[in-house]
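# Structure at a glance
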Amino acid sequence: MNHPVTPELQAAAWAAVGKPSPHESAQLHVLGQATYTDDIAELQGTLHAALGLSQKPHARITAMDLSKVRASVGVTAVFTAKDIPGTNDCGPIIHDDPILAEALVQYVGQPLFIVVADTHDHARRAARLAQVTYEELPAIMTPQAAKAAQSYVLPPMRLTRGDCQAAFERAPHMVKGQLYVGGQEQFYLEGQISYAIPKEAQGMLVLCSTQHPSEMQHVVAHALGVPSHNIAVECRRMGGGFGGKESQSALWAAAASIAAAKLKRPVKLRADRDDDMLVTGKRHCFYYEYEVGYDETGKILAAKVDMTSRAGYSADLSGPVATRAVCHFDNTYYLSDVDIRAACGKTNTQSNTAFRGFGGPQGAIAIEYVIDEIARHLRRDALDIRLLNFYGRDGSEGRNVTPYGQVIVDNVIHELVAELEQSSDYRARRIAIDAYNESSPVLKKGLALTPLKFGIAFNVSHLNQAGALVHVYVDGSVLVNHGGTEMGQGINTKVMQVVAHELGLDLERVRATATDTSKVANTSATAASTGADLNGKAAQDAARQIRERMRDYAVKLYGGAAADVRFFDNHIHVNGHVLPFPELVQKAYLARVQLWSDGFYATPGLHWDAKTMTGHPFSYYAYGAAVAEVVVDTLSGEWKLLRADALYDAGQSLNPAIDIGQVEGAFIQGMGWLTTEELWWNEAGKLMTHAPSTYKIPGISDCPEDFRVRLFQNRNVEDSIHRSKAVGEPPLLLPFSVFFAIRDAISSVGGHAVQPPLNAPATSEEILKAVMAVQAASTVATQE
């Protein structure tokens, strides 16, 4: 019996989405054949640049002698701020970020000049020969000092709901304290690099490792004093970005382009790791002062928090980072009465910037810290306090409205946590760990289950748009270009899957090209976890238009109804005829049917009032939870992650293999932020952790032997691309479980009767300090 080909059967037969397809460049990566910016064959006459850096955190330049730099071996030219033909600025929002410092330096490592030489090594050596005289000024180094001095790069922001003071007066219990959470270096494998190639008529091609080609185009155009159409920026792939190449690749692109324009020769500027870490911004560290009122059950009645970030010397993206921190302070919890304040402290350090999570982790960890303290005070398991305070399932009693006014319509945190609690055997392990700690005087185990809720969209509504081009060639092969950038996260693979799915083709028939400002204009950064959402939708729109043109032409040739034409298994099924895709393409070409199309997408329903800090800033929320079990040596502060269970809501996943990999990577990266990755500046204001030898990112030995990562079975309620959910940033909150498991282990030293004063990162030194504090407090309590 012949069964009609229904849309459901069609999808089952040829769906290219939802499959665990390999990364499109995986084989190239493994074979060392993937081309990064520094791998591009250099043109004849290429010169190499390096930056001369400030040695003082805050000072006036009284003299700068560059004669030895110019006389150094191989040097072609040296450029200072006065040589910039256009605007001396690379700030992404506020114009307070000079490409090259002029009379004032504001951090150790701030670029002062560009030296161009025949080789990379000659340029770097020459840059060290400058003789600069400074008049030193007072420097502010920490967010605490910035708050005390009221030193900010932007006006402080505040979000309130309800009557916090009245709620505090009603609350029978209160927890109050301070917390410090350090920053984090992006530590991308490929450092900052730009290769600028002059073109005719003041044109410039910039090959750049960047998450935001359009921003690079604007900055270079302004620096050279030419229109944007003179500048083309291209990026095939990055060796990691993590936010560090969203705005801060601009300095390197501009410096290389300024030198190339002046010398009329190609110039490459590649940062060595030390210079990269000294010059560029990191994840914002945060200092918190919090006060929370709660009842006998642990239900939060009032919450007040004052957050001050280390913004660095300029605004960069600190405003949007602080906004996201404010909007994620609630995490998965309904907070009826809140007073949330955030300030961007101006410090004489690198201008901090985007980093995976973009303020969301910094906002959410504060409320998790508070819940941990509430649980300890009430002598209850922290998981029970978390469950009690979750947002409501159905909005009864209004418990599904965030402090900023967005209604939560897709809350699955109850089901997700219940599933993880059961699959991880959380309750039995808690009993076993308590028994272990009773019998182990030195080694202590800790356990924690932490949830996450993360809003998906850019803070600024107009950035939530994307474009794409799809070309079908006469041989039936397909090329797609979109505004997203590939940094290893698999965006090209997912967009290719979407296009293949739309045209009914195997994935192998589709290829993605380099991101290029001359192809798709006015793109947003690949950031805010929106890359696949936005660019996937745009590419789907373009492919759909081509499919509909081919469908209409097929009906013209073979008859039947357009609605019955099906594209799947690399064929077109029309009115009883089955044609290979290339065959119909060739026929359509000869009939002058347009076989390429542009696509566009803008996320609907978003709005935000920055003055009142209310609105609907997110398209939807991603959810997740993780359980971590650790063991801590209370004599040394050393620790080990024994097991981690993570369950993440990727909606209807576009590619489960890539998504699971992203969750695993985010977990380990976030664990590094909270445990080993410590940024340290010396008394002279210099960042001393500026190399792999002094800055400790997690290695393979830090990964748990028992690492269980699964995707939660769900379907996005919003019309996202194939009902999937973002997976870039949200999973970075999962390793909160590691931090609080460490705190739980420390707490056991005092029988869980003392709040461990643990800041992040929880290095071995920090752990040992907290252990000693708990021991001292326990001794005092015993004596009393």
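Above this text sits the structure in question.
This one's a predicted model, so the numbers in the text were calculated from it and none came from an experiment. (Residues numbered from 1 in each chain as written. Predicted model: local features only at pLDDT ≥ 70, side-chain atom pairs only at ≥ 80, totals over all residues. Heavy atoms only, no water.)

## Considerations on the pattern of salt bridges
Per the stated rule, a full pass over the model turns up 43 salt bridges. Of the charged contacts, one joins Asp121 and Arg125 as a salt bridge, the two residues approaching to 2.9 Å between their closest N and O atoms. Taken together, the positions of Asp121 and Arg125, both in helix α4 (residues 120–127) and four residues apart, correspond to about one turn of that helix. Owing to a relative accessible area of 40%, Asp121 belongs among the partly exposed residues under this scheme. Where Lys725 meets Asp649, a salt bridge forms, and the shortest distance between an N and an O atom there is 2.6 Å. Placement of the pair is Lys725 in the loop between β29 (706–711) and α19 (736–748) and Asp649 in the loop between β28 (639–648) and α18 (656–675), with a sequence separation of 76 residues. The burial state of Lys725 is the same as that of Asp649; both residues are buried. Sharing partners across several salt bridges, the network here consists of Arg429, Lys445, Glu629, Arg643, Asp645, Asp706 and Arg708. (Salt bridge = Lys/Arg side-chain N within 4 Å of Asp/Glu carboxyl O. Helix = DSSP H or I, 4+ residues; strand = E, 2+ residues; numbered from the N terminus. Buried < 20%, exposed > 50% of the residue type's maximum accessible area, 1.4 Å probe, protein only.)

## Examining the sheet that holds strand β24 (residues 596–602)
Read across the sheet, four strands follow the order β19-β18-β17-β24 without closing on themselves; strand pairing throughout is mixed. Two strands close off the open sheet at either side, each with one partner strand: β19 (510–512) and β24. For this sheet, the mean inter-axis angle between neighbouring strands, taken without regard to orientation, is 20 degrees. As paired strands, strand β17 (residues 465–472) and β24 are joined by seven bridges and run antiparallel to one another. Opposite Ala466, over in β24, you have Tyr601 as the bridge partner. Where helix α16 (residues 531–558) meets the sheet, its contacts fall on β17, β18 (478–482) and β24, and the angle it forms with β24 comes to roughly 140 degrees. (Pairing = 2+ DSSP bridges. Axes fitted to C-alpha atoms, helices over the stretch in contact; angles between N-to-C directions. Contact = heavy atoms within 4.5 Å.)

## So, helix α8 (residues 250–263)
Between its terminal C-alpha atoms α8 stretches 20 Å, which fits the 20 Å expected from 14 residues at 1.5 Å a residue. Counting buried positions along α8 gives 11 out of 14 residues, so the element sits mostly inside the fold. Along α8, the residues that are buried comprise Ala250, Leu251, Trp252, Ala253, Ala254, Ala255, Ala256, Ser257, Ile258, Ala259 and Ala260. Just downstream of α8 lies Lys264, where phi reads positive at about 55 degrees. (Expected span 1.5 Å × (residues − 1).)

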